[in-house]
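# Coordinate inspection notes
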Amino acid sequence: MRHMEKNSNFFKRSYHRVKDFFAHVPLFFKYLTIMTSLILVSYIVLSTALFLFISNDWLKGKKDTLVGNASENAEYCQRIIEEYSSEEQRKIVKRIICNYIAITSNATDSDMFVCNVEGKIVFCKEMSMYSEDTSEDVCLLHKGFTVPQDVMEQVEEGNYYGDGTVEGLFSDRTFLAGAPIIANGKVIGAVFAADHARNSFKNYAGNILEMYLSSAFFALALTFVVVYIYTAKLTNPLRQMSNATKAYAKGDFSKRVNVRGSDELAELCQSFNRMATRLSMLENSRRSFVANVSHELKTPMTTIGGFIDGMLDGTIPPERHGECLQIVSDESKRLSRLVTSMLNLSKIEAGELKLKYRDFDISSVIINCMLTFEQIIEQKNITVEGLENIGAVYIHADRDMIHQVIYNLVDNAVKFTDENGVITISVGENDNGAVSVSIQNTGEGISSEEIGRIFERFYKLDKSRSYDTKSAGLGLFLAKTIVEMHGGEIYAESVQGSYTRFTFVLGKTAD
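Nothing here was measured: the structure is a model prediction, and the numbers come from that model.

Next up on the list: the sheet that holds strand β3 (residues 160-164). Note on sheets: strands pair through backbone hydrogen bonds, and any given pair is parallel or antiparallel. With antiparallel pairing, 5 strands are arranged side by side in an open sheet as β2-β1-β5-β4-β3. The two strands at the open ends of the sheet, each matched to only one other strand, are β2 (121-124) and β3. The sheet shows a mean angle of 25° between the axes of neighbouring strands, taken without regard to direction. When strand β1 (residues 111-116) meets strand β5 (residues 186-196), the two strands line up antiparallel, connected through 6 bridges. Within β5, the residue paired with Cys-115 across the bridge is Ala-190. Sheet strands touched by helix α4 (residues 149-157): β1, β3, β4 (174-183) and β5. Its angle to β5, the strand with the most contacts, is close to 115°.

What follows covers a negative patch on the surface. There is a patch of like negative charges on the surface, built from Asp-150, Glu-153, Glu-156 and Glu-157. Mapped onto the elements of the fold, Glu-156 is located in helix α4.

Before going further, it helps to spend a moment on the pattern of salt bridges. Counted under the stated rule, the structure contains 6 salt bridges. Two residues, Lys-62 and Asp-195, come together in a salt bridge whose shortest N-O distance is 2.4 Å. Within this pair, whereas Lys-62 is found in helix α2 (residues 27-83), its partner Asp-195 is found in strand β5, the two being separated by 133 residues in sequence. Here Lys-62 matches Asp-195 in class, with each residue buried.

Let us now look at the environment of Leu-66. Along the polypeptide, Leu-66 turns up in helix α2. Along the chain, Leu-66 and Ala-193 lie 127 residues apart, while their C-alpha atoms are 5.8 Å from each other. Apart from residues lying up to four places away in sequence, Leu-66 is in contact with Ser-110, Tyr-161, Phe-175, Ala-177, Ala-193 and Asp-195.

This part takes up helix α12 (residues 475-485). Buried within α12 are the following residues: Leu-476, Phe-477, Leu-478, Ala-479, Thr-481, Ile-482 and Val-483. Once α12 ends, the next one or two residues include Gly-487, with phi positive near 80°.

So, about the packing of helix α8 (residues 362-372) against helix α10 (residues 399-416). α10 packs onto α8 with a crossing angle of 45° between their chain directions and a minimal axis gap of 9 Å. The angle between α8 and α10 places the two elements in the oblique class. The element α8 and its partner α10 pack so that their crossing is right-handed. Residue-level inspection shows Ile-362, Ser-364, Val-365, Ile-366, Asn-368, Cys-369, Met-370 and Thr-372 of α8 in contact with α10, the latter providing Arg-399, Ile-402, His-403, Ile-406, Tyr-407 and Val-410. Split into classes, the residues belonging to the contact of α8 with α10 amount to 9 nonpolar, 4 polar and 1 charged.

What counts, and where the lines are drawn
Residues numbered from 1 in each chain as written. Predicted model: local features only at pLDDT ≥ 70, side-chain atom pairs only at ≥ 80, totals over all residues. Heavy atoms only, no water. Pairing = 2+ DSSP bridges. Helix = DSSP H or I, 4+ residues; strand = E, 2+ residues; numbered from the N terminus. Axes fitted to C-alpha atoms, helices over the stretch in contact; angles between N-to-C directions. Contact = heavy atoms within 4.5 Å. Patch = residues over 30% accessible without salt bridge, like charges linked within 9 Å, V, L, I, M, F, W, Y side chains within 5 Å. Areas by Shrake-Rupley, 256 points an atom, 1.4 Å probe, with all protein chains shown as cover. Salt bridge = Lys/Arg side-chain N within 4 Å of Asp/Glu carboxyl O. Lys, Arg positive; Asp, Glu negative; His and termini not counted. Charge placed at Lys NZ, Arg CZ, Asp CG, Glu CD. Buried < 20%, exposed > 50% of the residue type's maximum accessible area, 1.4 Å probe, protein only. Parallel < 35°, antiparallel > 145°, perpendicular 65-115°, else oblique. Left-handed = near helix turned anticlockwise from the far one by under 90°. Nonpolar A, V, L, I, M, F, W, Y, C, P; charged D, E, K, R; others polar.

As structure tokens, then:
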């Protein structure tokens, strides 16, 4: 029992050692080792199966050959004995049979001999070397041979085949086949064909093994080269990804993976590169956002602080306090909007923003938002069209969130409309009962390169535009996120030098 426990512990320790070793081996060598081992095991299994098949086939062929030779020689001996049956012709029979056996033995590389019914050797191939007048009836090689009686009994009943020492008749493993000699309807002896298994099979198997090992060596060498190249091709992109992710962790998003082919690994590399590009863009946007937000927070706070300090220390005369307080109020609202946008963004990303659905008139929300921008609209002499055609349209949604969407779109339209420009508002229902809201403004428009990115988080249009200096790059992203949270969609259309139109579509109207 203790011995079994020791063996079990030994195997467990060995298993964990191998497991720990492979855990620290690079993937390239791990995959190469596993594939090479599987191929070697496959070759070993194939070699074993081939060896067994060859052995069985060789044994069957050897049996058929020996039995056939013994039968043919028995028939020949029968004809000779019946033809030369007189006592005077006994030497002729001996010479003919011995010569024939010698020829057959040499041709088949076997030992053939003839014995009588008692199992004594009477003819063999060595006797063909004696002269006709020799008195030797048995050669020196077979002088001590006596075929066992049970073997002779089996021969008398038909052909015999044995594999072994044949009850001590031979010193080592020998294949022995025998066939009866029948003369005048009576068994008078038997012809045996013997072949020593060791030398015979050794030569045969040696030739087969030599050919197999030669071909297997070249096949294994070629397979190893192919597996090595394929493993390198498979693991190289993974190694590049590993190095790239280490660079990304340090803030360097310039690394990319080389893409070759069009298989699943190539698709993974392409997706990885796209992810890296998006991460790089996101990081740039984040840095820009932090800079913009820092500026946006600092500017109104500085303005507010400056005007208040000026009023407190008397630098600003009392007659200008009303004007300054209006500026302070505007900057406070601007700061509040920025903080609200950032809070909403944080809630959305954290999944904490819960929509509060209710029925309301979306047209009234649009009108209220437009009134909020009445002062700047008058300053830029902007013409607002379409409000007179808007009727009451009720929807089932979160009023505050939809108000945020409309406010951001209107703010964006007012901001980018040229002086004396036009803003067009339209609200409609399609055949499915969904409500669409469009806000269009004239102006410079958005380029085709930028229009696909305007809904990205932190993205701002061309920073060279002076009238975009107060944007933090969150308005359109928040609008898109809120609309999609309601199960709707939002998109933009623009023709440079002509117009820009934002449209969002919400679900069915309320009953």
